[in-house]
Amino acid sequence: DAQPRRTPAAMASFEAEAWDVSTDSPKRELVADAAAAEALVASLPATCRAIKLSNKSYAAPAAKALAATLAKLRGLEDVDVSDVIAGRPEDEALEVLSVLSQALATAAGGGDAAAATHTALDVSD
């Protein structure tokens, strides 16, 4: 299937609705607790269509706090969670990915994870 082509105006609109965690906090670091995670997403617009959480590694408590905010988004299409579990023990990494993926699917599905329709997903390491 051919992907729909975005016009320059539509692309500019899409980019305006993009949010990158490293914009306000460029340092590569572990986000270990809920308060730190909540501070990171304080500027996250509710109409966000593209989100980039990479450049940080998240512990389980931080991921759960992020998930509470992320699940409230609607219309999310483009997700970058590359390298968000770097340096985490395997059991915690799996928990972080599970928690974040459920929240992001809920956001992409307009509140219904089963209806998620991402157009781009980056989970590379």
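Residues numbered from 1 in each chain as written. Predicted model: local features only at pLDDT ≥ 70, side-chain atom pairs only at ≥ 80, totals over all residues. Heavy atoms only, no water.

Draft legend 1. Quick look at the overall build of the protein. Of the regular secondary structure elements, the protein holds five helices and six strands. Reading the helices (α) and strands (β) of the protein from amino to carboxyl end gives α-β-α-β-α-β-β-α-β-α-β. Relative to its full complement of 125 residues, the protein shows a buried share of 36%. Considering only intrachain contacts with a sequence separation of at least 6, the fraction spanning at least 24 residues in the protein is 81%. Of the roughly 6,800 Å² that the protein leaves accessible, carbon and sulfur atoms contribute 54%. (Helix = DSSP H or I, 4+ residues; strand = E, 2+ residues; numbered from the N terminus. Buried < 20%, exposed > 50% of the residue type's maximum accessible area, 1.4 Å probe, protein only. Contact = heavy atoms within 4.5 Å. Areas by Shrake-Rupley, 256 points an atom, 1.4 Å probe, with all protein chains shown as cover.)

Draft legend 2. Quick look at the nonpolar core. Counting 27 residues, the largest nonpolar core has Ile51, Tyr58 and Leu70 as the members making the most contacts within it. Every element with two or more residues in this core is listed here: helix H3 (34-40), helix H4 (60-70) and helix H5 (90-108). Looking at which element gives the most residues to this core, the answer is H4, with six residues. (Core = buried A, V, L, I, M, F, W, Y, C linked by side-chain atoms within 4.5 Å.)

Draft legend 3. Representation of the sheet that holds strand S3 (residues 50-52) in the model. An order of S1-S3-S5-S6 is seen for the four strands of this open sheet, with the pairing classed as parallel. With one partner strand each, in any of the chains shown, strand S1 (18-20) and strand S6 (120-122) form the two edges of the open sheet. For this sheet the average axis-to-axis angle between neighbouring strands, irrespective of direction, equals 5°. Two strands pair when backbone bridges link them, and strand S5 (residues 78-80) and S6 are joined in this way by three bridges, in the parallel orientation. Residue pairing for S6: Asp78 is matched across the bridge by Ala120. (Pairing = 2+ DSSP bridges. Axes fitted to C-alpha atoms, helices over the stretch in contact; angles between N-to-C directions.)

Draft legend 4. Structural view of the environment of Leu40. Inspection of the secondary structure puts Leu40 in helix H3. Placed 18 residues apart in sequence, Leu40 and Ser22 show a C-alpha to C-alpha distance of 8.9 Å.

Draft legend 5. Geometry of the side chain of Ser57. Structurally, Ser57 is set in strand S4 (residues 56-58). Reaching out from Ser57, the side chain makes a polar contact with the backbone oxygen of Ala86 at a distance of 2.6 Å. Those residues in contact with Ser57 that sit more than four places away from it in its chain are Arg28, Glu29, Leu30, Val31, Asp83, Val84, Ile85, Ala86 and Arg88. (Polar contact = N/O pair within 3.5 Å; in protein donor to acceptor, adjacent residues only side chain to side chain.)

Draft legend 6. View of the confidence of the model for the protein. Residue-level pLDDT values for the protein average 85, and 87% of them are 70 or greater. Of the regions scoring below 50 in pLDDT, residues 1-15 engages in eight contacts with residues more than four places distant in sequence or in other chains. (pLDDT = per-residue confidence, 0-100.)

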